[in-house]
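Fold and geometry: a report
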Amino acid sequence: MRFALAICVSLLANGCASIRPAIPEQPNAPTSEAVVATVSKQWDQADQKVAASVSIAREMADRPDIVRSETSVALSFLPPPEAGELAVARARAIKADPKEAADAQAFGKKLLAQIDTSWLRVVADQKEAARISQLKDARIVELTKAVEQAKKDAAANMWTLAGIAVAVLGAAAMVFTGPRIGGTLLACGAAIGAFPFIVESEYFSAIAGGTLALAAGLGIYWLWDRVRDSANAPYEPPQK
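The paragraphs below set out a description of the structure included in this document. Computed from a predicted model, the values in this text were never measured in an experiment.

**Focus: the packing of aromatic side chains**
- One pass over the full model with this rule turns up two aromatic pairs.
- Each ring, one from Trp43 and one from Trp119, has its centre 5.3 Å from the other, and the planes form 80 degrees; the classification is edge-to-face. Placement of the pair is Trp43 in helix α2 (residues 33-59) and Trp119 in helix α5 (residues 98-176), with a sequence separation of 76 residues.
- With centroids separated by 6.0 Å and ring planes inclined at 35 degrees, the aromatic side chains of Tyr221 and Trp224 adopt a geometry described as tilted. In this pair, Tyr221 and Trp224 both sit in helix α7 (residues 204-232), three residues apart, roughly one turn of the helix.
- Taking the relative accessible area as the measure of exposure, Trp224 reaches 46% and is therefore partly exposed.

Below, the structure is given as structure tokens:
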């Protein structure tokens, strides 16, 4: 009863230890920080050049040639405008309404702030994606080790069961045939059960050498015992 209770407690402990925290969902973002950093750097560089060209064009508004040149530089960093947006801008310029121009500027500042916020979210998602990807890699390594350990445990259990079976035979042999055979079987059962633990031990070489020496000693003792029994056997003359 105590043995069964010990097995149940062991299984419950192993089950609780095997429960692992769930890995969070990985954001839909690149795991490489270099990709996001490169895009961010190129984006900032283009924005700065556009802003610089437009600023110079405004400073030298009395020089149409420079205005045309600098705005052309700015446009080179931008995609071609859609026809609808171009029509809105042209109508706003022809109307020359200060309120309408102010509203367009306010919309532009608001949109820029939204873009910056969205980009910060992209950067944060990239870092989170990289972190979760590392967690997944670590979990794969952990599960691989667990599988290998399970294989080793299964093999060890097989050796243990085999050792128990031989030990049971040895106990039976002790009763029916005597300690010579029974003791040998018991020793063999213990050796079989301990085999996987000995192989994994850092002292395997020493243990293996000692075991071989012990086996050789037992073999010599068995041979000597057989010779002694033969020598001490009573002489029986051949029958005529």
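Following the structure, the description resumes.
**A word on the environment of Pro27**
- Along the chain, Pro27 falls in the loop between α1 (2-18) and α2.
- Sequence spacing of Pro27 and Lys127 is 100 residues, and the spatial spacing of their C-alpha atoms is 9.4 Å.
- In this view, Pro27 contacts Asp125, Glu128, Ala129 and Ile132; residues no more than four positions away in its chain are not counted.

**Side note on the environment of Asp97**
- With respect to the element layout, Asp97 can be found in the loop between α4 (83-95) and α5.
- In this structure the side chain of Asp97 is engaged in a polar contact, spanning 3.2 Å, whose partner is the backbone nitrogen of Lys99.

What counts, and at which threshold
- Residues numbered from 1 in each chain as written.
- Predicted model: local features only at pLDDT ≥ 70, side-chain atom pairs only at ≥ 80, totals over all residues.
- Heavy atoms only, no water.
- Phe/Tyr/Trp six-rings, centres within 6.5 Å; stacked < 30°, edge-to-face > 60°.
- Helix = DSSP H or I, 4+ residues; strand = E, 2+ residues; numbered from the N terminus.
- Buried < 20%, exposed > 50% of the residue type's maximum accessible area, 1.4 Å probe, protein only.
- Contact = heavy atoms within 4.5 Å.
- Polar contact = N/O pair within 3.5 Å; in protein donor to acceptor, adjacent residues only side chain to side chain.

Keep in mind that these numbers describe shape and distance, not what the molecule does.
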